[in-house]
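Each chain, written out:
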Number of protein chains: 2
Amino acid sequence: MALRDVDDALRAEDFAGELAHASAAHVRGLIRKGEITGQTGGMALGKMQGNLAILPSDLAMDFARYCQRNPKPCPLVGVSETGDPMLPTLGVDIDIRSDVSSYNIYRDGELVNSVTDISGLWRDDLTTFVLGCSFSFEEALLADGVPLRHLEEGYLIPMYRSNIATTPAGPFAGPIVVSMRPMPMAEAIRAVEVTSRFPMMHGTPVHIGDPSVIGIADLMKPAWGDLPVIKPGDVPVFWACGVTPQAAVRAAKPPLCITHTPGSMLITDLPCGRPI
Amino acid sequence: MALRDVDDALRAEDFAGELAHASAAHVRGLIRKGEITGQTGGMALGKMQGNLAILPSDLAMDFARYCQRNPKPCPLVGVSETGDPMLPTLGVDIDIRSDVSSYNIYRDGELVNSVTDISGLWRDDLTTFVLGCSFSFEEALLADGVPLRHLEEGYLIPMYRSNIATTPAGPFAGPIVVSMRPMPMAEAIRAVEVTSRFPMMHGTPVHIGDPSVIGIADLMKPAWGDLPVIKPGDVPVFWACGVTPQAAVRAAKPPLCITHTPGSMLITDLPCGRPI
């Protein structure tokens, strides 16, 4: 992590401190007013935060199929009506045009802009997909006493492209991207038990142990995130990661796709401990 | 159950006897050749059997949303490409036009015909949805020693309209239809534990105990199935049922909808004990 990022993260954490016990609606209200434009980690603790993908309707059914076929990397927690910016199944008065703190705009698969409001880009043919993320199961692992080295040591979790292919749907395809958390094997077994209760937040690991089995040559060369700290006796534990659908969407090069900016999640009203 | 139905069921069971340990592909082959045209219960034991809904493409995205929003009654285990009769994510060489033993054809919500092959009805705009059913979790409950009165006493499981609304999507809406299995409370608690592992087969119960809480006035007046046998000390345990989406689809009155005939399921190659 660069020094400036650490600094940003620390300031974000301080800010979350005040908002950790705020309601999801309160935090979304601040986001809508433009008073929060950065990361949402630690805010409205206990509420499910989700990844975002907004796509034109001619790709919506294919993306719904992609999520159905790949539930570990793409756990679908909410889908809007076509053209409707509201998400009533995920919370009260959620307007997806303004209630995420930062959006990435992709055209033909290329990132062209990051903005804090997409009202001007909204169209009648857009459908919003919200996918579960790993925040909630990390809370459950911590509550269970499973050690999480990236939190102990203060690094961004490393992510890798595996050689496990997702099941394609229409233009969406590609490898499962995995995040890696090192821990002793006894804790890894317990982590399987704990995360089996969270199929909507990537669920159980996809692999434990030898990284080469899933096509990862060097744990010290992550595709995203920081270098891991692996303690003596630790084995690597790999979970499917929300970067998987983001990479699949970018590779499909849709004319328009809007996602959250990494770390700036949608905060829903749903309890994050609810398995489905 | 009428005498004739009992007789049919007994003959079906005898026939399944030979096919209980056959492969799913072998049973589908017999179905494709027209040698099996009735119920599939007990055949290819250990393989997931699924409910079927085939819909025109202009309703497909709404039905995908309906399933996403109502995972207990509508656990989506497979979706075809638009216009493609094959289901490669559910098994080898599954042709949905011929590989289900009996189909119901609905036009504008009305049952107009039951047929053993739909090749002549296939169109480029049709999408196949396969939903999990309760066969697998009943096997898991039996293996765990949970008593299932409808199997002990030989009656069809009773089903009721609850007052719990599904979350609508487009034209699809309506109450959750529940099936009811009576058992002692200690077994009901164990049944929650066991079925929590099967979110793709209706998962945990929606209610235990007083039927009036979910809008059921009289357990002896089921909307479908037989009268239950409730033993002393039993409490009623209610699970979301696959009749829910069937009723929602019929109420939506699509110009065309093709389902399986009740009891004549699609036999997939997937292991039925696999949670997702």
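Definitions and cut-offs
Residues numbered from 1 in each chain as written. Chains lettered and ligands numbered in written order. Predicted model: local features only at pLDDT ≥ 70, side-chain atom pairs only at ≥ 80, totals over all residues. Least-squares fit on C-alpha atoms with pLDDT ≥ 70 in both. Contact = placed C-beta atoms within 7 Å. Domains from an automatic or database assignment. Helix = DSSP H or I, 4+ residues; strand = E, 2+ residues; numbered from the N terminus. Nonpolar A, V, L, I, M, F, W, Y, C, P; charged D, E, K, R; others polar. Pairing = 2+ DSSP bridges. Axes fitted to C-alpha atoms, helices over the stretch in contact; angles between N-to-C directions. Buried ≥ 20, exposed ≤ 12 C-beta atoms within 10 Å, placed from the backbone.

Some points on the relation of the copies chain B and chain A
Working step 1: Of the two same-sequence chains, chain B is brought onto chain A (RMSD 0.0 Å, axial shift 0.0 Å) by a rotation of 180 degrees. In symmetry terms, the pair is related by a two-fold rotation axis. Minimal C-alpha distance to the rotation axis in chain B is attained by M61(B), lying at 2.8 Å.
Working step 2: Both copies contact each other with a shared surface, as 100% of the interface residues of chain B are interface residues in chain A too.

A few points about the domain arrangement of chain A
Residues and elements named next belong to chain A.
Working step 1: Here chain A is partitioned into domain 1 (3–133 + 246–271) and domain 2 (135–245).
Working step 2: Mapped by element, the contributors of at least two residues to the side of domain 1 that touches domain 2 are strand 1 (47–56), helix 3 (57–69), strand 5 (126–132) and helix 7 (243–252).
Working step 3: Split by residue class, the side of domain 1 that touches domain 2 holds 17 nonpolar, 6 polar and 4 charged.

Let's talk about the sheet that holds strand 7 (residues 175–184) of chain B
Whether parallel or antiparallel, the strands of a sheet pair through hydrogen bonds between backbone atoms.
Residue and element names in this part refer to chain B.
Working step 1: Spatial ordering of the open sheet is given by 6-7-9-8, a layout of 4 strands whose pairing is antiparallel. Either end of the sheet is taken by a strand with one partner, and the two such strands are strand 6 (159–165) and strand 8 (207–208).
Working step 2: Running over the sheet, helix 6 (residues 185–195) touches strand 7, strand 8 and strand 9 (234–240) and is turned about 130 degrees from strand 7.
Working step 3: Of the strands in this sheet, strand 6, strand 7 and strand 9 are in contact with helix 7 (residues 243–252), which crosses strand 7 at around 160 degrees.

A word on the interface of chain B and chain A
Working step 1: In this complex, chain B contributes 13 residues to the contact, which on the side of chain A involves 13 residues.
Working step 2: Residue composition of the side of chain B that touches chain A, by class: 8 nonpolar, 3 polar and 2 charged.

Quick look at unusual backbone geometry
Working step 1: With a phi close to 45 degrees, A44(A) is a non-glycine residue in the positive phi region.
Working step 2: Topologically, A44(A) is positioned in the loop between helix 2 (24–32) and strand 1.
Working step 3: Of note in the backbone geometry, D93(B) takes a positive phi value of approximately 60 degrees without being a glycine.
Working step 4: For D93(B), the position within the fold is in the loop between strand 2 (76–79) and strand 3 (103–107).
Working step 5: Judged by the 13 C-beta atoms lying within 10 Å of it, D93(B) is partly exposed.

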